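# Structural overview for review
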Amino acid sequence: MSSDHSAVSVHEHPPPSFGVPNLKLAFWLFLASDCMLFGSLIATYLSYRGKDQLFGNGPYPLDLFSVEVTTISTFDLLMSSVTMVLAVAAIQRGNMFQTRLWLGLTALLGAIFVGFQGYEFTHFYLEGLKLQGNLFGSTFYVLTGFHGTHVTLGVVWLLLVLATTFTKHRGMVTHLNVEVAGLYWHFVDIVWIVIFTLVYLMEYTV
Amino acid sequence: MASPAIVLPEHCSEEKLSGIWSWITTVDHKRIGVMYGVSALSFFILGGVEALAIRTQLAMPNQSIVGAHFYNSLVTMHATTMIFLMVMPLSAAFFNYMVPLMIGARDVAFPRLNAFSFWTFLFGGLFINSSFFFGEAPAAGWFGYANLTSIQYSPGPGVDFWALGLQTLGVASLAAGFNFIATILNMRAPGMSLMRMPVFVWMTLVVQFLVILSFPMITVALILLTFDRMFGTNFYVPEAGGDPLLWQHLFWLFGHPEVYILILPAMGIVSEVLPVFARKPLFGAPFVIFSGILIGFVGFGVWSHHMFTTGLGPVADTAFSLATMLIAIPTGVKIFNWLATIWGGSIRFTTAMLFALGFISMFTIGGLSGVMHASPPIDLHHQDSYFVVAHFHYVLYGGAILGLFSGIYYWFPKITGKLMDESWGKVHFWSSLVGLNVTFFPMHFLGMQGMPRRVYTYEGGFGWDIWNLCATVGAFTLALSALIFFINLLKSLANGEQAGNDPWDGATLEWTLTSPPPVHNFDLMPKVTSERPFWDQKYGSTHGHDDTTEVAEEEQLPAEIHIHMPPASYWPMVVSFGVITFFAGLMIHPVVSVVGALTVIVGTVAWTFEPE
Ligand code: HEM
Ligand SMILES: [Cu+2]
């Protein structure tokens, strides 16, 4: 920036009055909003839970769930949060190789999770759980489907960031960018923990 | 002292900023504000014509000027248009134009996202209205109660237009919400602490929080509805165990915060206008601010007052009744603060001031009937009657719209550089005031006499005839007043008196600028030392310590200042187009949706890699 006394360049905005960069702040707000979205979907699921039994309209959750398989996919998603943390740490240290490595691994683990979900959906469908069939089908597919869409978009996002590190735009892959992608990723992960608990694990309690 | 020369980037030159293309690609918050305003006022005309058709049909018993089904379309589209395409975007016009000026910023936090919000809103509004030409306009009410919206009871495409159109408008509002909160929290000029922000900015902030937290709930409600209609799910189908009340919960969980989304901007405007024309600072400004915040919070806990007649049980009814009565307290606090502001002031009865005073009185009437139906046993009689129609028109026309008119008369000179004609303005005000009372006051009587709302005609001889005729006469008076307004607007635009920078002796930062303000708003970042920076500058500090000018003068200024402004971009509009294509595709063909989704993705990526 030229700083001879006769001309100043007012390029940068003044520092954020709130102390958090705009992008990050906006993202926190987006996540708050997304909480309400998942909150409403989960509330819908819970308010219809068990109603099919009254109508004798199966299949019911315990006819289909395999807690082992879902535990594995949950573990896979949890691990992707760890790799995401490592990616943020790597870019903070300015280590491009490790950033790429951990971003790639996070995306891979995310894709594996989506794969598990694809398997689960197919399996349930073949066992007779239809989107149009009973309330469990409608609420289950819509809730977990929305979560799966979130994960898929997250994978696409991570891959885009990763691709950018190989282009002339690599300067755009900043610490802030990776951190914001990380925020989203952890959020999607936490939502899954809630879904896993309320939708799956709760079926095994009395 | 010589002021420094301002050097703007090449893309801000005179000729780059003219022509239609410059509007399509603009990312300037002021131009986007103007586009919001023009669109909202156009939709106002449309919604008004629908209202006139409704009132003509109801003028006398047993008429069949419009058929029953088309009548349902008219009420649905009237309410949808006025709420989502008129009051909200007209408020957005002021957020866009005024908030950056009032907090001393060059633009909003994300200028291109701002353009995206506007185009998405516009496309969504046009999409819903296009239903008139494609078979059937939505006819299930603005509240879209399940299972009236099911394929069985609404087989036409109207409900799909409505659901997907609202979904699109939701996307626009959410994007604007993130943007404006970031702007207000982060882009304030040095010295503008939160408690020094103008009350209008505060109300904008509260509104945006309401938007980002309440819109997702209607998003989900609409997704479930769309799934029911398009993919055969059973969310709202009682035969399969679904519960139509789920819709009502989700809808009103959004719907009640929404009514505050509609009224708080007007409250903010009035809180700016009253002090200026009473020449007194706003009385107890922190109370007005905290009341606004409280209203925002409690507003999330009262939704079931729209559902007293659905049989939620005595405990729920009591809780929601109490919460609803509680929310009237902060509302009342604000009214008393406004009254105390004008008390003993030297009042100038300009048109803007008249509208602000009209707002206080009319809104109070609406608030009083609101508290009445906060009581479940009373509401059992009010619900679905014209008494409720009277209530929400007093708060919406008498409240939101009068407040917004006040804002138009107050800020028009800043935006255009011309004054609006005051004599015609006053004719506009008085005809509005008379018209709205003649239209909506009799609806209280109609409700008390048992006339249900949402009916396309009625039998004579119940004592309803005279009040219906009266309301229709009032509606045409209101139409006349709107006509006067539009003529005044256009005439003043063409040859209004020059306004100068500060026609009203304003207190806030926007009045320190030229009218209209330059592209970059501020040459130098203003330094703010109180909540009334411009009054301090003109009359000396009211706080006892140094004022704005002194600080600026002490500084050593450079001879030249280079200012960075974001370049124009067409990607926001492309992405908006992708969004509407995606939603429209759900009704046309999946391939269209895929094309829309790809447009969104490609557009977003291109947008990210654009130089800022
Ligand atoms: C003192 C504050 C207020 C209270 C206590 C209040 C209370 C209520 C209640 C209890 C109802 C339900 C009536 C029924 O359907 O039986 C209602 C309806 C309504 N209120 Fe208010 N209200 C207040 C302010 C407002 C404001 C500021 C607005 C908008 C700017 C508003 C807009 C509406 C609308 C649109 C409806 C009707 C919704 C429908 O059924 O279509 N209200 N209000
Ligand atoms: Cu309400």
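Every chain begins its residue count from 1, and numbering advances along the sequence as written. Naming scheme: in the order in which they are written, chains are lettered from A and ligands are numbered from 1. Totals for whole chains, interfaces and linings use every residue, but because this is a predicted model, local features are given only for residues with pLDDT of at least 70 and side-chain atom pairs only at 80 or more, for both listing and counting. In computing side-chain properties, one takes all heavy atoms of the structure into account and sets aside hydrogens as well as water.

## Structural notes on the packing of aromatic side chains
Operational definition: Stacked, tilted and edge-to-face are the three classes assigned to paired rings of Phe, Tyr and Trp, where Trp is represented by its six-membered ring and a pair needs centres within 6.5 Å; plane angles under 30 degrees give stacked, over 60 edge-to-face, the rest tilted. Working definition: helices are DSSP H or I runs of at least four residues, strands are E runs of at least two. Numbering for both runs from the N terminus. The buried label goes to any residue with under 20% of its type's maximum accessible area, the exposed label to any with over 50%, and the partly exposed label to all in between, with areas taken from a 1.4 Å probe on protein chains only.
Here the structure, examined in full by the defined rule, presents 70 aromatic pairs over all chains. Residues A:Phe27 and A:Trp157 carry aromatic rings whose centres are separated by 5.4 Å and whose planes lie at 45° to one another, so their mutual orientation is tilted. Of this pair, A:Phe27 sits in helix 1 (residues 22–48) while A:Trp157 is found in helix 6 (residues 135–164), placing the two residues 130 residues apart along the sequence. Judged by relative accessible area, A:Phe27 falls into the buried class, the value being 17%. By relative accessible area, which is 27% here, A:Trp157 ends up partly exposed. Ring centres of B:Phe118 and B:Trp119 lie 4.9 Å apart, and the angle between their planes is 70°; this geometry places the pair in the edge-to-face category. Across the pair, exposure class does not vary: B:Phe118 and B:Trp119 are buried alike.

## A few points about the site of ligand 1
Residues and elements named next belong to chain B. Here is the rule: We define proximity as follows: a residue is near a molecule or strand when any one of its heavy atoms falls within 4 Å of that partner. Identification of polar contacts relies on pairs of N or O atoms within 3.5 Å, with a donor-acceptor requirement for protein atoms, meaning one able to donate a hydrogen and the other able to accept it, and with residues adjacent in sequence counted only if both atoms are side-chain atoms.
By nearness alone, 22 residues border ligand 1, and Trp-142, Asp-379, Gln-383, His-391 and Arg-453 come closest of all. A distance of 3.0 Å separates an oxygen atom of ligand 1 from a polar side-chain atom of Trp-142. A distance of 2.5 Å separates an oxygen atom of ligand 1 from a polar atom in the side chain of Asp-379. Elements supplying a minimum of two residues to the shell around ligand 1: helix 7 (244–278), helix 10 (351–372) and helix 12 (386–416).

## Focus: the coordination of the iron atom of ligand 1
Residue and element names in this part refer to chain B. Put simply, the test is: Each metal's donors comprise the N, O and S atoms found within 2.8 Å of it (within 3.2 Å for Na, K or Ca). Water is not part of the atom list, so some coordination spheres may appear incomplete.
Protein coordination of the iron atom of ligand 1 is limited to a single donor, His-391 (NE2), positioned at 2.1 Å. The metal-metal distance between the iron atom of ligand 1 and the copper ion (ligand 2) is 4.6 Å. In this structure, His-391 sits in helix 12.

## Some remarks on the coordination of the copper ion (ligand 2)
Taken together, B:His256 (ND1), B:His305 (NE2) and B:His306 (NE2) make up the full set of protein donors to the copper ion (ligand 2), lying 1.9 to 2.1 Å away. Counting the intervening residues between successive donors of the copper ion (ligand 2) yields the motif H-x48-H-H.

## What about the nonpolar core?
Heads up, the rule is: We call a set of buried Ala, Val, Leu, Ile, Met, Phe, Trp, Tyr and Cys residues a nonpolar core when their side-chain atoms join them within 4.5 Å. Any pair of residues with heavy atoms lying within 4.5 Å of one another is described as a contacting pair.
Of all hydrophobic cores here, the largest spans 239 residues; its most connected members are A:Phe140, B:Phe44, B:Phe84, B:Tyr236, B:Trp247 and B:Phe359. Among the elements that make up this core, the one with the highest residue count is helix 3 (residues 68–103) of chain B (22 residues). Each residue touching B:Phe84, except ones within four places of it in the same chain, is listed here: B:Pro89, B:Phe121, B:Trp142, B:Leu166, B:Leu169, B:Phe215, B:Phe254 and B:Glu258.

## A short note on the confidence of the model for chain A
As a reminder, the rule being used: Every residue gets a pLDDT, meaning the predictor's confidence in that residue, from 0 to 100.
Overall, the prediction assigns chain A a mean pLDDT of 91, with 93% of residues at 70 or greater. Of the regions scoring below 50 in pLDDT, residues 1–12 of chain A engages in 22 contacts with residues more than four places distant in sequence or in other chains.

## Focus on the environment of B:Pro190
Residue and element names in this part refer to chain B. Tracing the sequence through the fold places Pro-190 in the loop between helix 5 (158–186) and helix 6 (199–231). With a relative accessible area of 36%, Pro-190 lands in the partly exposed category. A C-alpha to C-alpha distance of 8.8 Å links Pro-190 and Thr-529, two positions 339 residues apart in sequence. Excluding residues that lie within four positions of it along the chain, Pro-190 makes contacts with Met-525, Pro-526, Lys-527 and Val-528.

## A few points about the pattern of salt bridges
To keep things clear, this is the line we draw: Should a side-chain nitrogen of Lys or Arg be within 4 Å of a carboxyl oxygen of Asp or Glu, the pair is scored as a salt bridge.
Overall, the coordinates contain 11 salt bridges over all chains when judged by the stated rule. The salt bridge involving A:Glu203 is made with A:Arg49; its shortest N-O contact spans 3.1 Å. With a gap of 154 residues between them, A:Glu203 in the segment after helix 7 (175–200) and A:Arg49 in the loop between helix 1 and helix 2 (51–55) connect regions that are remote in the sequence. Judged by relative accessible area, A:Glu203 falls into the buried class, the value being 13%. A residue is classified by how much of its surface remains accessible, and A:Arg49, at 36% relative accessible area, is partly exposed. B:Asp502 is the partner of B:Lys538 in a salt bridge, and the nearest nitrogen-oxygen pair spans 2.6 Å. Taken as a pair, B:Lys538 in helix 15 (residues 533–539) and B:Asp502 in the loop between helix 14 (465–495) and helix 15 lie far apart in primary sequence, 36 residues in all. Through salt bridges that share partners, B:Arg279, B:Asp502, B:Asp505 and B:Lys538 make up one connected network.

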